[in-house]
Amino acid sequence: MFEAIAFYLFAFLTTLMFFITVTTSQALYALTALAAGMIFISAFFFILGADFLGAVQIVVYSGAVMALYAFGMMFFDSTREVKEKQGNKLIVSGLSILAAILVVLIFAAPMVTDNIVALYPVIEGAGNTQQVGMVLFTKYLVPFEVAAVMLLVAMIAGIVLAGKKMDLSITLMNDAEIKDMKKDQNKKVLS
Amino acid sequence: MEIGLNHYLVLSTILFSIGLVGVMRRKNLLLLFFATEILLNSVNIAFAAISHYYGDLTGQMFAFFVIAIAASEVAVGLGLLIVWHKRHNNIDLDSMSTMKG
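Residues numbered from 1 in each chain as written. Chains lettered and ligands numbered in written order. Predicted model: local features only at pLDDT ≥ 70, side-chain atom pairs only at ≥ 80, totals over all residues. Heavy atoms only, no water.

Chemist: Can you walk me through the overall build of chain A in this structure?
Modeler: Counting secondary structure elements, chain A contains seven helices and zero strands. Its helices and strands in sequence order give chain A the pattern α-α-α-α-α-α-α, from N to C terminus. Expressed as a percentage of the 191 residues in chain A, the buried residues total 31%. Within chain A, contacts between residues at least 6 apart in sequence are counted, and of these 49% link residues at least 24 apart. Carbon and sulfur atoms provide 71% of the accessible area of chain A, an area that totals close to 12,100 Å². (Helix = DSSP H or I, 4+ residues; strand = E, 2+ residues; numbered from the N terminus. Buried < 20%, exposed > 50% of the residue type's maximum accessible area, 1.4 Å probe, protein only. Contact = heavy atoms within 4.5 Å. Areas by Shrake-Rupley, 256 points an atom, 1.4 Å probe, with all protein chains shown as cover.)

Printed below as a string of structure tokens:
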């Protein structure tokens, strides 16, 4: 009973938050609604008994990813109203729902045959974190290490791309343009 | 009122279509990234639900790797976005249509 109440409550809240994210014209509202939606999603993981996944969801998404987006939004003019594509709304919604059903069908297709055997079954008498550790560090050790290398590459790429000559200037204008800009500013100060 | 696997799959479908609507109608690249995060999260719900109802830990493992990929995607994507914004002073999708066929 409580599971049903929790499921419907968080389903409603998550849908609402993500709907706000895709429909609002203010970038800041979209960011806040997305962060709230991520936290509500972690509630589903807790309901499903995937405690470690829920904690990772909160730490990585609401902590790291949202902080990165908030940091990135400092560079962009986030107060400006966002212009939208003027497409046919019916076609857009129809295509989206069709594609989503297709994805769920792909997920559900192996279950119809009903002869699924758990490849790495839940270990009895161990907490979720312990089970995750047991599977992650035995069967999925190589993908885990590859993911770690991928995160390192992404970190270096982020530093190289975003931090290029940031100690000198925060724009990619060349020196002549910067000199012109400073001259203009000096004129304004003097006048 | 027992919550079954179908409930979670339907929820995943709804969230996935919301994300796809966002991907199709957004022109601002930052908000396009938000929509892709919604897509990844909806799939994560489906993974965790299947993992729970079939007593298999593989779904949770894949959800972890999806989260790792999302994190690195954000790092690289935001770096590229900042470079583009420095050069062109906007992040509209229409301004980068030079490779349009």
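Chemist: Teacher, can you tell me more about the packing of aromatic side chains here?
Modeler: A ring pair, where both rings are aromatic, is described by two values, the distance of the centres and the angle of the planes. A complete count under the given rule lists twelve aromatic pairs over all chains for this structure. Each ring, one from Phe7(A) and one from Tyr8(A), has its centre 5.4 Å from the other, and the planes form 75°; the classification is edge-to-face. Its relative accessible area of 38% is what places Tyr8(A) among the partly exposed residues. Ring geometry for Phe44(A) against Tyr8(B): centres 6.2 Å apart, planes inclined by 85°, an arrangement best described as edge-to-face. Residue Phe44(A) is located in helix H2 (residues 27-47), and its partner Tyr8(B) is located in helix H1 (residues 5-25); the two belong to separate chains. A residue is classified by how much of its surface remains accessible, and Phe44(A), at 0% relative accessible area, is buried. A relative accessible area of 0% means that Tyr8(B) is categorised as buried. An aromatic cluster of at least three residues, connected via ring pairs, comprises Phe7(A), Tyr8(A), Phe44(A), Tyr8(B) and Tyr53(B). (Phe/Tyr/Trp six-rings, centres within 6.5 Å; stacked < 30°, edge-to-face > 60°.)

Chemist: Help me understand the interface of chain B and chain A in this model?
Modeler: Note: interface size is frequently given as the accessible area lost on complex formation between the parts. With 72 residues of chain B at the interface, the matching set in chain A holds 82 residues. Three residues stand out in chain B for area buried against chain A, namely Arg25(B), Phe34(B) and Lys86(B), and they jointly supply 10% of the buried area on that side. Where chain B packs against chain A, one counts zero salt bridges. Taken together, the links from chain B to chain A amount to ten residue pairs in polar contact (both at pLDDT 80 or more). Mapped onto the side of chain B that touches chain A, the elements with two or more residues apiece are H1, helix H2 (29-53) and helix H3 (58-88) of chain B. (Buried area = accessible area lost by both parts, 1.4 Å probe. Salt bridge = Lys/Arg side-chain N within 4 Å of Asp/Glu carboxyl O. Polar contact = N/O pair within 3.5 Å; in protein donor to acceptor, adjacent residues only side chain to side chain.)

Chemist: Would you take a moment to explain the environment of Leu53(A) for this structure?
Modeler: Along the chain, Leu53(A) turns up in helix H3 (residues 51-73). Linking Leu53(A) and Thr129(A), residues 76 residues apart in sequence, is a C-alpha distance of 8.7 Å. Beyond its immediate sequence surroundings of up to four residues, Leu53(A) is in contact with Phe45(A), Ala48(B), Gln60(B), Ala63(B), Phe64(B) and Ile67(B).

Chemist: Would you explain the confidence of the model for chain A in this entry?
Modeler: Regions with low pLDDT should not have their predicted coordinates read in detail. Considering every residue of chain A, the mean pLDDT works out to 82; 82% of them sit at 70 or more. The lowest-confidence element of chain A is helix H7 (residues 175-190) of chain A, averaging 71 in pLDDT; the highest-confidence one is helix H1 (residues 2-23) of chain A, averaging 92. (pLDDT = per-residue confidence, 0-100.)

Chemist: Where do I start with the nonpolar core in this structure?
Modeler: Generally speaking, nonpolar side chains in soluble globular proteins are found buried as a group. Formed by 72 residues in total, the largest nonpolar core has its most connected members in Leu53(A), Tyr69(A), Tyr8(B), Leu30(B), Phe34(B) and Leu81(B). It is H2(B) that provides the largest number of residues to this core, a total of 15 residues. Excluding its chain neighbours within four sequence positions, the residues that come into contact with Phe34(B) are Thr21(A), Ala27(A), Ala30(A), Leu31(A), Leu34(A) and Tyr69(A). (Core = buried A, V, L, I, M, F, W, Y, C linked by side-chain atoms within 4.5 Å.)

Chemist: Teacher, can you tell me more about the packing of H3(A) against H3(B) here?
Modeler: If you want to describe how two helices pack, look at the angle between their axes and the distance between the axes. Between H3(A) and H3(B), the shortest axis-to-axis distance is 10 Å and the interhelical angle comes to 10°. Between H3(A) and H3(B), the angle falls in the class roughly parallel. Residues Phe52(A), Leu53(A), Val56(A), Gln57(A), Val60(A), Tyr61(A), Val65(A), Leu68(A), Tyr69(A) and Gly72(A) of H3(A) touch H3(B), and the partners they reach there are Gln60(B), Ala63(B), Phe64(B), Ile67(B), Ala70(B), Ala71(B), Val74(B), Ala75(B) and Leu78(B). Of the residues in the contact of H3(A) with H3(B), the class split is 16 nonpolar, three polar and no charged. (Axes fitted to C-alpha atoms, helices over the stretch in contact; angles between N-to-C directions. Parallel < 35°, antiparallel > 145°, perpendicular 65-115°, else oblique. Nonpolar A, V, L, I, M, F, W, Y, C, P; charged D, E, K, R; others polar.)

Chemist: What exactly am I supposed to notice about the packing of H2(A) against H3(A) here?
Modeler: Residue and element names in this part refer to chain A. Running from N to C, H2 and H3 cross one another at 170°; their axes reach a closest spacing of 8 Å. Judged by the angle between their axes, H2 and H3 are roughly antiparallel. Judged by residue contacts, Ala27, Leu28, Leu31, Leu34, Ala35, Met38, Ile39, Ile41, Ser42, Phe45 and Phe46 of H2 engage Asp51, Leu53, Gly54, Ala55, Gln57, Ile58, Tyr61, Ser62, Met66, Tyr69, Ala70 and Met73 from H3. For the contact of H2 with H3, the class distribution of residues is 18 nonpolar, four polar and one charged.

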